[in-house]
Amino acid sequence: MSPSDTSIAAVEAEVLLAQPRGFCAGVDRAIEIVERAIKLFGAPIYVRHEIVHNAYVVEDLRKKGAVFVEQLDDVPAGSTVIFSAHGVSKAVREEAEARGLRIYDATCPLVTKVHMEVAKMRQEGLDIVMIGHKGHPEVEGTMGQSGEGMYLVESAEDVAALQLSDSSRIAFVTQTTLSVDDAADIIAALKARFPHIREPKKQDICYATQNRQDAVKFMAPQCDVVIVVGSPNSSNSNRLREVAEKRGVPAYMVDSPDQIDPAWVEGKQRIGVTAGASAPEVLAQAVIGRLRELGVRNVRALEGIEENIAFPLPRGLTLPN
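So, a few notes on the structure that sits alongside this text. (Residues numbered from 1 in each chain as written. Predicted model: local features only at pLDDT ≥ 70, side-chain atom pairs only at ≥ 80, totals over all residues. Heavy atoms only, no water.)

### Description of the overall build of the protein
Within the protein, the regular secondary structure consists of 11 helices and 12 strands. Along the longest, intermediate and shortest principal axes, the C-alpha atoms of the protein span 65 × 55 × 35 Å. Within the protein, buried positions represent 54% of all 321 residues. The contacts in the protein between residues at least 6 apart in sequence include a share of 76% that link residues at least 24 apart. As displayed, the protein offers around 14,600 Å² of accessible surface, 49% of which is attributable to carbon and sulfur atoms. For the protein, the separation between the mean place of its 35 positive charges and that of its 44 negative charges on side chains is 4 Å. (Helix = DSSP H or I, 4+ residues; strand = E, 2+ residues; numbered from the N terminus. Buried < 20%, exposed > 50% of the residue type's maximum accessible area, 1.4 Å probe, protein only. Contact = heavy atoms within 4.5 Å. Areas by Shrake-Rupley, 256 points an atom, 1.4 Å probe, with all protein chains shown as cover. Lys, Arg positive; Asp, Glu negative; His and termini not counted. Charge placed at Lys NZ, Arg CZ, Asp CG, Glu CD.)

Take a look at the structure:
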């Protein structure tokens, strides 16, 4: 029997399905902005950076007429450009405006909230420590809301090494897709070193990130293995895998059903499945389908929060009747 034929049918295996999982309101909104722009203005529609970090979504939109670029230099004059859900720096926005491009902003409103916090804190003369992952587009966009006075930390060790001009006039913000637990550790280190540090009125980690991590915390202890549906460059999907692993449960992330190694699930009785906020439900269902081929007999959806949040679209994207 080849590895691909390995079955778990010897065990009455079942899938436990996390709730909530998959698309959040910000991702739904970003994808709809691209699709509506294509319908209204025709292809190609240019998108700066991947609209969301999911290979399936990006390829689907590419087939419909989206062109993904990393630099505005690659956008022809007179074209429509959409900023990704991760947000952009002030410099990128100003460059697009200066070139006269038609702009639609798909930045998640919860990321925009962080940008507004940064602007307000800088107006008050505060230096800002951002907790986030270096090189992530959301971090680059948020750090780019101010030309100076911004510091990035990724760990408690980075906090210890911080050199600030005035440690009495500082605040912090966070990337919206961090591990809630990891961020709490870094925030604790910041408050220990800088007791007067200002914090956001409401935490920056978004509701969807929090809810999906909480769902994995509930699901993982009931499972022998956890599979996270998400792309390798998806921050929130990677955090879901880490949440399961920190509870002592083997966890793997896949972009498609064919990436599942049958050895992961061989002999396992309960297999947890979740999906990052940028992963579509169709992929989660395809993963479940593959697990059924490998011998899963039952799929049980766990109880969890039902999300009903929706964000409005930018003006100018109303489709004709």
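Structure shown, so let's carry the discussion forward.
### Some remarks on the side chain of Q175
Relative to the helices and strands, Q175 resides in the loop between β8 (170–174) and α7 (180–193). Judged by relative accessible area, which is 0%, Q175 ranks as buried. At 3.4 Å, the side chain of Q175 and the side chain of S235 are in polar contact. When residues no more than four places from it in sequence are discounted, the contact partners of Q175 are M130, I131, G132, H133, H136, E138, V139, I205 and S235. (Polar contact = N/O pair within 3.5 Å; in protein donor to acceptor, adjacent residues only side chain to side chain.)

### Brief notes about the packing of aromatic side chains
Per the counting criterion, the structure on display carries 2 aromatic pairs. Relative to Y104, the ring of F41 has its centre 5.9 Å away and its plane inclined at 25°; by these criteria the two rings are stacked. Remark: Y104 occurs in strand β5 (residues 102–105) and F41 occurs in helix α1 (residues 25–41); sequence separation between them is 63 residues. Given the relative accessible area of 31%, F41 is considered partly exposed. Aromatic side chains Y252 and W264 sit 4.0 Å apart centroid to centroid with 0° between the ring planes, which places their arrangement in the stacked category. Here Y252 is found in strand β10 (residues 251–254), whereas its partner W264 is found in helix α10 (residues 262–265), with 12 residues between them in sequence. Geometry around F41 places R102 over its ring, the cationic atom sitting 4.0 Å from the centre. (Phe/Tyr/Trp six-rings, centres within 6.5 Å; stacked < 30°, edge-to-face > 60°. Lys NZ or Arg CZ within 6 Å of the ring centre and 35° of its normal.)

### Some remarks on the nonpolar core
Of all hydrophobic cores here, the largest spans 31 residues; its most connected members are V34, I51, L61 and I82. With 8 residues, α1 is the largest single contributor of residues to this core. Leaving out residues up to four positions away in the same chain, V34 has contacts with V47, I51, L61, A66 and I82. (Core = buried A, V, L, I, M, F, W, Y, C linked by side-chain atoms within 4.5 Å.)

### Quick notes on the sheet that holds β10
Reading across from one edge, β10-β9-β11-β1-β12 is the order of the 5 strands in this open sheet, with parallel pairing throughout. The open sheet is flanked by β10 and β12 (298–301), the only strands paired with a single partner. This sheet shows a mean twist of 25° between the axes of neighbouring strands, independent of strand direction. In terms of strand pairing, strand β1 (residues 14–17) meets strand β11 (residues 270–275) through 4 bridges, oriented parallel. Paired with L16 across the strands is G272, a residue of β11. Against the sheet, helix α8 (residues 207–219) makes contact with β1, β9 (225–229) and β11, and its axis sits at roughly 180° relative to β11, the strand it touches most. (Pairing = 2+ DSSP bridges. Axes fitted to C-alpha atoms, helices over the stretch in contact; angles between N-to-C directions.)

### Some remarks on the sheet that holds strand β4 (residues 80–83)
Spatially, 4 strands are ordered β3-β2-β4-β5 in an open sheet, and the strand pairing comes out parallel. If you trace the sheet from one side to the other, it starts and ends with β3 (66–69) and β5, each paired once. In this sheet, neighbouring strand axes are inclined to one another by 30° on average, regardless of whether the strands run parallel or antiparallel. Sheet analysis places strand β2 (residues 45–48) next to β4, joined by 3 bridges and oriented parallel. For V47, the partnering residue across the bridge sits in β4 and is I82.

### A short note on the pattern of salt bridges
Here the structure, examined in full by the defined rule, presents 21 salt bridges. Ionic pairing is found between K246 and D182, a salt bridge with its closest N-O pair at 2.5 Å. A residue pair is termed long-range when its members are at least 10 positions apart, and K246 in the loop between α9 (235–245) and β10 and D182 in helix α7 qualify at 64 residues. Members of the salt-bridge network, linked through shared partners, are E14, R270 and R300. (Salt bridge = Lys/Arg side-chain N within 4 Å of Asp/Glu carboxyl O.)

### Observations regarding helix α4 (residues 109–123)
The periodicity of an α-helix, 3.6 residues per turn, causes residues three or four places apart in sequence to face the same way. Taking 1.5 Å of rise per residue, 15 residues should cover 21 Å, and α4 covers 21 Å from first to last C-alpha, within 8% of that figure. All of the buried residues along α4 are L110, V111, V114, H115, E117, V118 and M121. End-on, the buried residues of α4 take up no more than an arc of 160°, which puts them together on one face. The exposed set on the far side of α4, more than 90 degrees from its buried face, consists of M116 and Q123. Packed against the buried residues of α4 are β6 (127–131), α5 (137–143), β7 (150–153), β8 and α8. A positive phi of about 80° marks G125, the residue just after α4. (Expected span 1.5 Å × (residues − 1). Arc of directions from axis to C-beta.)

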